[in-house]
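Chain by chain, the residues run as shown.
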Amino acid sequence: MDKLVIEGPARLKGEVTVSGSKNAVLPILAATLLTDEPCVIRKVPNLRDTNTMLKILRSLGKCAEFDKGTVSISSTGQAGFFADYKLVSTMRASFCVLGPILAKLKKAKVSLPGGCIIGVRPVDLHLKGIKALGAEISIESGYVLAKADRLKGNSVYLGGVYGSSVLATGNVMMAATLAKGRTLIEAAACEPEVADLAEFLIKMGAKIKGHGTPIIEIEGVKGLHGTEHTIIPDRIEAGTLMAAALITKGDILIKNVLCQHLGALIDKLEEAGACITKADSSVRVRLKSKLKAINVTTLPYPGFPTDMQAQIMSLMTVTPGISVITEKIYPDRFMHVSELNRMGAHIQREGPHAIVEGVKHLSGAPVMASDLRASACLVLAGLAAKGKSSISRIYHLERGYENIEDKLLGLGAKIYREKE
Ligand code: UD1
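Owing to the predicted nature of the structure, the values given are computational and were not obtained by experimental measurement. (Residues numbered from 1 in each chain as written. Predicted model: local features only at pLDDT ≥ 70, side-chain atom pairs only at ≥ 80, totals over all residues. Heavy atoms only, no water.)

### A word on the pattern of salt bridges
Applying the stated rule across the entire model yields 18 salt bridges. The salt bridge involving K255 is made with E15; its shortest N-O contact spans 2.7 Å. Taken together, the positions of K255 in strand 15 (residues 251-255) and E15 in strand 2 (residues 13-17) put the pair 240 residues apart, joining distant regions of the chain. In this structure, the salt-bridge partner of E405 is R417, at a minimum N-O distance of 2.7 Å. Of this pair, E405 sits in helix 14 (residues 404-410) while R417 sits in strand 24 (residues 414-419), and the two are twelve residues apart along the sequence. Take E405: its relative accessible area is 16%, and that puts it in the buried class. Residues participating in the shared-partner salt-bridge network are D2, R48, E398, E405, R417 and K419. (Salt bridge = Lys/Arg side-chain N within 4 Å of Asp/Glu carboxyl O. Helix = DSSP H or I, 4+ residues; strand = E, 2+ residues; numbered from the N terminus. Buried < 20%, exposed > 50% of the residue type's maximum accessible area, 1.4 Å probe, protein only.)

As structure tokens, then:
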């Protein structure tokens, strides 16, 4: 296993290009199961999670080729309905093959994804939505068994205790494209990745309105056809690089960015003292003067993304004053707190809040990544810290950030891999 070594402090400068969105591409790949015709998807990030989804598609009878950011999917003619635990358990997003398999093949057997380090993460909303479309569902030996001769459109409210669910909205929306009649998803997730999935489905011939809003209307059609699509830029990678510019007091031009997807983050970073210059598809980020402490609460889109909570916490560790960071989506998503404290941060956790008292500087230390965004936050801390940091378990980082070392090297960071 590799660890990532960073020699800080760095001052990042230059240009960097954001990859296609991980969270958009995963359900879009699953959606190709809704047709037997070929699909071509561009700007696909070469990540561990993307490759896991391609393995799942192959196990379900698809032929999938990945070449220089373009994925070409075709059918082998032997569509499968069984998604194995070995693959589904490694990545939660794989559960969103349930809707497409069931809609296309009238039956599906998909492993329950299980929990993960950032919280319990149930799938009740996925199952509620699929059941509302008329499927019979049972759970046996860790698998969801679903069957329905033809799904029927219905109204379904998908709001949960922690708000709407991104993947449940996608799962149910995909299933509803081939259902008989009209489906109304209320309290649908409004995330840009859900809207990108809807755009892909529309290109396949689906009839969808209202995506990007809390009410999505789907008029079922008899069949979907193949299409081509380009994935939207990854707003979380863009946000992580913006935080990198600020924590290193650098100056970065970030390309392939859609600023309209980053409203809450840009607002908070400006409040914290960032100078942000927006252009059509890029953004320049540097400090205006000194960093200022801010309070941040994560919320469903268009609120501040939970996937940026750990990175903003890193930034606040070296910001004078007290910041309160409140996590409303995953109340236990604080595994990074103790690792940041090992680097000299002063963070106290109280329930869903982290109280961060800014310190003058962090010091490099050996730390351990616990999940994808926690590993990004440790990279940021390592860039800002004095001395050498080594981050173990970086396979988490590889799940969501394409070529991140090369990108940071290009911006002047001293970063390299070592064998553990
Ligand atoms: C997606 C993103 C993930 C992001 C999250 C929230 C992908 C591949 N992943 O995950 O990066 O952190 O959205 O923005 O797109 N919940 C339930 N019941 C359910 C489903 C979810 O209670 O059936 C809860 C979750 O535990 C969580 C909240 O709802 O507290 C939001 O989760 P959800 O939006 O579903 O996250 P994912 O779609 O899995």
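What follows continues from the structure just given.
### Notes on the sheet that holds strand 7 (residues 107-111)
Taken in spatial order, the four strands of this open sheet run 6-7-9-8, and their pairing is mixed. The outermost strands of the open sheet, each flanked by one partner alone, are strand 6 (82-83) and strand 8 (136-140). With two bridges connecting them, strand 6 and strand 7 associate as parallel partners. Among the inter-strand pairings, A83 is bridged to a residue of strand 7, identified as V110. Contacting strand 7 and strand 9 (143-147), helix 4 (residues 98-105) runs over the sheet at an angle of about 160° to strand 7. (Pairing = 2+ DSSP bridges. Contact = heavy atoms within 4.5 Å. Axes fitted to C-alpha atoms, helices over the stretch in contact; angles between N-to-C directions.)

### Quick look at the domain arrangement of the protein chain
Here the protein chain is described as being made up of domain 1 (2-18 + 233-419) and domain 2 (22-230). In this structure, domain 1 and domain 2 have C-alpha centres spaced 30 Å apart. Across the contact, 24 residues belong to domain 1 and 19 residues belong to domain 2. Buried area between domain 1 and domain 2, both sides added, is near 1,900 Å², and the carbon and sulfur share of it is 54%. When the buried area of domain 1 at its contact with domain 2 is split by residue, Y301, R399 and E402 rank highest and sum to 30% of it. At the surface where domain 1 touches domain 2, the tally comes to three salt bridges. Here R235 and E193 are joined by a salt bridge, their closest N and O atoms 2.8 Å apart. Put simply, domain 1 and domain 2 have six residue pairs in polar contact (both at pLDDT 80 or more) between them. Going through the elements one at a time, helix 12 (372-384) and helix 13 (395-398) are the ones with two or more residues in the side of domain 1 that touches domain 2. Classifying every residue of the side of domain 1 that touches domain 2 by side-chain character gives nine nonpolar, four polar and eleven charged. (Domains from an automatic or database assignment. Buried area = accessible area lost by both parts, 1.4 Å probe. Polar contact = N/O pair within 3.5 Å; in protein donor to acceptor, adjacent residues only side chain to side chain. Nonpolar A, V, L, I, M, F, W, Y, C, P; charged D, E, K, R; others polar.)

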